[in-house]
Amino acid sequence: MARPATVEEYLAGFEGPAFERLEELRSLVRREVPQAAEELKWGTPAYSTRTILVVIAAYKHHANIVFTPSTREVFADRLGEFETRKGSVKLPYDRPVPTELLAEMIRYRLQECEEQGVNWM
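Scope of this entry: the structure provided in the associated data block.

Cut-off values and rules
- Residues numbered from 1 in each chain as written.
- Predicted model: local features only at pLDDT ≥ 70, side-chain atom pairs only at ≥ 80, totals over all residues.
- Heavy atoms only, no water.
- Core = buried A, V, L, I, M, F, W, Y, C linked by side-chain atoms within 4.5 Å.
- Buried < 20%, exposed > 50% of the residue type's maximum accessible area, 1.4 Å probe, protein only.
- Helix = DSSP H or I, 4+ residues; strand = E, 2+ residues; numbered from the N terminus.
- Contact = heavy atoms within 4.5 Å.
- Pairing = 2+ DSSP bridges.
- Axes fitted to C-alpha atoms, helices over the stretch in contact; angles between N-to-C directions.

1. Regarding the nonpolar core
Consideration 1: In this structure, Leu25, Ile65, Leu102 and Met105 are the most contacted members of the largest nonpolar core, which totals 34 residues.
Consideration 2: The element that contributes the greatest number of residues to this core is helix α4 (residues 99–116), accounting for seven residues.
Consideration 3: Beyond its immediate sequence surroundings of up to four residues, Leu102 is in contact with Leu25, Leu28, Ile65, Phe67, Leu91 and Val97.

2. Description of the sheet that holds strand β1 (residues 37–41)
Consideration 1: Ordered by their spatial adjacency, five strands build an open sheet running β1-β2-β3-β4-β5, and the pairing between neighbours is antiparallel. Among the strands making up the open sheet, the edge pair consists of β1 and β5 (88–92). Each adjacent strand pair in this sheet contributes to an overall mean axis angle of 25°, direction not counted.
Consideration 2: Note that strand β3 (residues 52–58) and strand β4 (residues 62–66) share four bridges and pair antiparallel. Each residue of the ladder has a partner; that of Ile56, found in β4, is Ile65.
Consideration 3: Relative to the sheet, helix α2 (residues 16–32) contacts β1, β2 (44–48), β3, β4 and β5, its axis offset from that of β3 by approximately 165°.
Consideration 4: Of the strands in this sheet, β3, β4 and β5 touch α4, which is tilted by about 145° from β3.

Structure below.
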């Protein structure tokens, strides 16, 4: 299978819970940062203004939303029930998305970028 060239092609490669979760995350990012450009980076959807703000990706049993490590760290105490890595939050398909928490993280990431000059690592 060819590597997707657009976000739409990336999304079309998924179905069921993975597709639904990606659409949910995509809608959330677009709602919080409607001015963000949507494009593929490293083969996955990325949303950016002057730098990347957030990246989303789907896997067999979960989706990821990826921020800068500094953004994830600010919210670490509220992410205890989720598996996290350097800047990512793992979102299993069998659990609801913490929509309000992720919305806060997206808004923080935008502020971090625009006011503090924190670029994508």
